[in-house]
Amino acid sequence: MSSPLSTAPKLRARFSKNTVKPDWLASPKALRTEVLAGLVVALALIPEAISFSIIAGVDPAVGLFASFTMAVVISVVGGRKAMISAATGAIALVIAPLNREHGLGYLIAAVILGGVFQVVLGALGVAKLMRFIPRSVMVGFVNALAILIFMAQVPELHDVPWPVYPLVVGGLALMVFFPKVTRVVPAPLVSIIVLTVITVAAGIAVPAVGDKGGLPSSLPVPGLPDVPFTLDTLTTIAPYALAMALVGLMESLMTAKLVDDITDTHSNKTRESIGQGVANIITGFFGGMGGCAMIGQTMINVKVSGARTRLSTFLAGSFLMVLCIVFGPVVSDIPMAALVAVMIMVSVATFDWHSIAPKTLRRMPLGETMVMAVTVACVVATHNLAIGVVVGSITAMVIFAKRVAHLAQVSGVVDPDGNQVVYAVTGELFFASSNDLVYQFNYKDDPEDVVIDLSDAHIWDASSVAALDAIETKYAQRGKKVTIIGLNKPSANMHERLAGQLTGSH
């Protein structure tokens, strides 16, 4: 019998074999990358969160608290590693009218209800709808996003002291050339520190982060929204909550897909959908304005800083609060020019330049290019990514339907004795292609026995069954009999279930 002492090393070996190290502990370099990426994102989040608070018409602390709780919670419950969620402009635009008309209490209640909607939609599998978004819409989404990120910086460059312009240029130059020297420290962080030191040391008067609004001096405290818990309140907030849930999910899932492509890894979209809901519910109870995935900050984290794990997301939220509460005066001195330079760099890195290269445009089908252009135009015109994606997807579907509609063909062969005609139908039969089907038969001159062979066709919808019914009716009016053969099993089932049932005359 072996002693407990002799089995201890075996147990230790088995335990160490079965425990998996967090991916951010894989190496000191990985840990350093995640920590510094989190710090850069936190610095960039502060002025954005304050700006989005102004859009929503709330105190800056409401946006900053939302960014803190969203990032920290999603780092644990989210389905996409290294993706940053925080207060966003899209959510701010959706809920701003509610705050304007009814006050902050209703806004907070809408955020909590929006989170509940997201959990329900996530559990129902809304993430699976992502597969119906075509590549050309994704490219349009990314390019529109890059344009919006750039456009958001333009007000910061308008009607400002002249030193802002050389500072922005200097910041951009640092981010372009510093990585050629070393990649140990993220270039955006170096740019922010250098420009801050220059402006403070030289006493250059330029717009700073502190000019955007006061930073909070304490952590958020949980509580219930200050609203009457009545049906009237529910009917007031429900439309805003649903709109917020849909916009938030769409932006988050699109961003997750983009990060999947950049990192060549797969993410759990259903977990991300439910996680966004959980994060918004918790954010609401902590008095935040809600949020979703932030494409700009995610690009800083993943593409510019090279982060790949949940730690960077967690630290982005944690550093945000530490910077606001502990280093508030220092953070307030960061020149906006430094953050504008970072965001311009992000917009350039985000834009898919290959998609607009003359060589690509010559090779790409016109329909694909049109879908991309429509998506970009809608997003830039409305400043709403969700509208652009929906309109782009609908445009892509219309173009696809038009293209496929021409693939259904009919060819007829009359028997030598002239007693029977066999029509061979090939292609996909659905609402767009079946409309023309009725006009491809010679009802007047065909013999009495008509055979329609669907061996090389597939019936997709009721429109196709109705078209076949109409063909049979037209022949029957002339005393001719139609026999349909060659249906595959799904087509046969649909035809059997719907034939003769689609018009009131049967």
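None of the values given here were measured: they were computed from a predicted structure.

**A closer look at the overall build of the protein**
- Scanning the protein for helices and strands turns up 20 helices and six strands.
- For the protein, with 506 residues in total, the buried portion stands at 50%.
- Partitioning the intrachain contacts of the protein with sequence separation of at least 6 by distance along the chain shows that 84% fall at a separation of at least 24.
- If you sum the accessible surface of the protein, you get close to 24000 Å²; carbon and sulfur atoms cover 66% of it.
- In the protein, 34 side chains carry a positive charge and 32 a negative one; their mean positions are 14 Å apart.

**Some words on the packing of aromatic side chains**
- Within this structure, the stated rule accounts for six aromatic pairs.
- The structure contains a cluster of three or more aromatic residues connected by ring pairs, namely Tyr423, Phe441, Tyr443 and Tyr475.
- Above the ring of tyrosine 443, the side-chain terminus of lysine 474 is found at 5.9 Å from the ring centroid.

**Focus on the layout of surface pockets**
- Counted as a void, the largest pocket has a volume near 830 Å³.
- No other element matches the seven residues that helix α2 (residues 28-56) contributes to the lining of the largest pocket.
- Considering only residue class, the lining of the largest pocket consists of 21 nonpolar, eight polar and four charged.
- Considering only enclosed or pocket space, the second largest pocket measures out at about 460 Å³ in volume.

**Some thoughts on the sheet that holds strand β3 (residues 409-414)**
- Taken in spatial order, the four strands of this open sheet run β3-β4-β5-β6, and their pairing is mixed. Single-partner strands in this sheet number two, and they are β3 and β6 (481-485). Geometrically, the sheet is characterised by an average inter-axis angle of 20° between neighbouring strands, direction not taken into account.
- For β3 and strand β4 (residues 420-429), the ladder comprises six bridges, and the chain directions are antiparallel. Paired with valine 413 across the two strands is valine 422, which belongs to β4.
- Its contacts with the sheet place helix α19 (residues 462-476) against β4, β5 (449-459) and β6, and it is angled at close to 170° to β5.

**Focus on unusual backbone geometry**
- The backbone of alanine 82 shows a phi angle near 70°, a positive value even though the residue is not glycine.
- When you line up the elements, alanine 82 lands in the loop between α3 (60-77) and β1 (85-86).
- The backbone of aspartate 159 sits at a positive phi, close to 55°, despite the residue not being glycine.
- Looking at the secondary structure, you find aspartate 159 in the loop between α6 (135-153) and α7 (164-181).

**Some thoughts on the pattern of salt bridges**
- Evaluated as defined, the whole model comprises three salt bridges.
- In this structure, lysine 269 and aspartate 260 form a salt bridge, with 2.5 Å as the shortest nitrogen-oxygen distance.
- Each of Arg80, Asp260 and Lys269 takes part in a single network of salt bridges with overlapping partners.

**What about the nonpolar core?**
- Ranked by size, the top nonpolar core spans 91 residues in total, and within it Ile46, Leu64, Met289, Ile300, Leu320 and Ile334 carry the most contacts.
- Ranked by the residues each element gives to this core, the list is headed by α2, at twelve residues.
- Excluding residues that lie within four positions of it along the chain, isoleucine 46 makes contacts with Leu64, Val209, Leu215, Leu320, Leu323, Cys324 and Val331.
- Counting residues in each nonpolar core, the second largest holds 24 residues, with Val410, Val425, Val438 and Leu454 among its members.

**Structural notes on the environment of alanine 424**
- Assignment of secondary structure puts alanine 424 in strand β4.
- The sequence separation of alanine 424 and leucine 366 amounts to 58 residues, and the corresponding C-alpha distance is 32 Å.
- Apart from the residues within four sequence positions on either side, alanine 424 is in contact with Gln409, Val410, Ser411 and Asp453.

**Focus on α3**
- End to end, α3 covers 26 Å across 18 residues, agreeing with the expected 26 Å (1.5 Å per residue, within 8%).
- Taken across its 18 residues, α3 has 16 buried, putting it largely inside the fold.

**As for the packing of helix α5 (residues 104-123) against helix α10 (residues 269-285)**
- Their axes nearest at 7 Å, the elements α5 and α10 cross at an angle of 160°. Compared by their axis directions, α5 and α10 come out roughly antiparallel. Between α5 and α10 lies a crossing whose hand is left-handed. Contacts between α5 and α10 involve Ile108, Val111, Ile112, Gly115, Val116, Gln118, Val119, Gly122 and Ala123 on the former and, on the latter, Thr270, Ser273, Ile274, Gln276, Gly277, Val278, Asn280, Ile281, Gly284 and Phe285.
- Partitioning the contact of α5 with α10 into residue classes produces ten nonpolar, nine polar and no charged.

**Re the side chain of asparagine 143**
- Tracing the sequence through the fold places asparagine 143 in helix α6.
- Dropping the residues within four chain positions of it, asparagine 143 is found in contact with Phe351, Asp352, Ser355, Met372 and Val376.

**Notes on a nonpolar patch on the surface**
- Where nonpolar side chains cluster on the molecular surface, the patch consists of Leu219, Val322, Ile325, Val326, Phe327 and Val330 and spans about 510 Å² of accessible area.
- Along the chain, valine 322 turns up in helix α12 (residues 310-325).
- Taking relative accessible area as the criterion, valine 322 reaches 36% and is therefore assigned partly exposed.

**Observations regarding the packing of helix α16 (residues 366-382) against helix α17 (residues 385-405)**
- It is the contact of α16 with α17, at a shortest axis distance of 8 Å, that shows an interaxial angle of 160°. Judged by the angle between their axes, α16 and α17 are roughly antiparallel. Note on packing geometry: the crossing formed by α16 with α17 is right-handed. Together, Gly367, Glu368, Met370, Val371, Val374, Thr375, Cys378, Val379 and Thr382 of α16 and Leu385, Ile387, Gly388, Val389, Val391, Gly392, Thr395, Ala396, Ile399 and Arg403 of α17 make up the contact between the two elements.
- Looking at the contact of α16 with α17, its residues break down into eleven nonpolar, six polar and two charged.

**Notes on the side chain of serine 252**
- Looking at the secondary structure, you find serine 252 in helix α9 (residues 231-263).
- Here the side chain of serine 252 touches glycine 248 through a polar contact of 2.7 Å, landing on its backbone oxygen.
- Other than its neighbours up to four places away in sequence, serine 252 contacts Met83, Gln276, Cys292 and Ala293.

**Some thoughts on helix α8 (residues 187-202)**
- Its 16 residues place the ends of α8 22 Å apart at the C-alpha level, agreeing with the 22 Å of an ideal helix rising 1.5 Å per residue.
- Contacts from the buried residues of α8 go to α2, α7, α11 (295-304) and α14 (336-350).
- Positive phi appears at glycine 203, one or two residues downstream of α8, with a value of about 65°.

Analysis parameters
Residues numbered from 1 in each chain as written. Predicted model: local features only at pLDDT ≥ 70, side-chain atom pairs only at ≥ 80, totals over all residues. Heavy atoms only, no water. Helix = DSSP H or I, 4+ residues; strand = E, 2+ residues; numbered from the N terminus. Buried < 20%, exposed > 50% of the residue type's maximum accessible area, 1.4 Å probe, protein only. Contact = heavy atoms within 4.5 Å. Areas by Shrake-Rupley, 256 points an atom, 1.4 Å probe, with all protein chains shown as cover. Lys, Arg positive; Asp, Glu negative; His and termini not counted. Charge placed at Lys NZ, Arg CZ, Asp CG, Glu CD. Phe/Tyr/Trp six-rings, centres within 6.5 Å; stacked < 30°, edge-to-face > 60°. Lys NZ or Arg CZ within 6 Å of the ring centre and 35° of its normal. 1 Å grid on protein atoms, 1.4 Å probe; cavity = no way out; pocket = protein on both sides within 12 Å on 5 of 7 lines; lining within 4 Å. Points joined across faces, edges and corners; volume = space filled by probe spheres on them. Nonpolar A, V, L, I, M, F, W, Y, C, P; charged D, E, K, R; others polar. Pairing = 2+ DSSP bridges. Axes fitted to C-alpha atoms, helices over the stretch in contact; angles between N-to-C directions. Salt bridge = Lys/Arg side-chain N within 4 Å of Asp/Glu carboxyl O. Core = buried A, V, L, I, M, F, W, Y, C linked by side-chain atoms within 4.5 Å. Expected span 1.5 Å × (residues − 1). Parallel < 35°, antiparallel > 145°, perpendicular 65-115°, else oblique. Left-handed = near helix turned anticlockwise from the far one by under 90°. Patch = residues over 30% accessible without salt bridge, like charges linked within 9 Å, V, L, I, M, F, W, Y side chains within 5 Å. Polar contact = N/O pair within 3.5 Å; in protein donor to acceptor, adjacent residues only side chain to side chain.

Remember that the coordinates give geometry; whether it matters functionally is a separate question.
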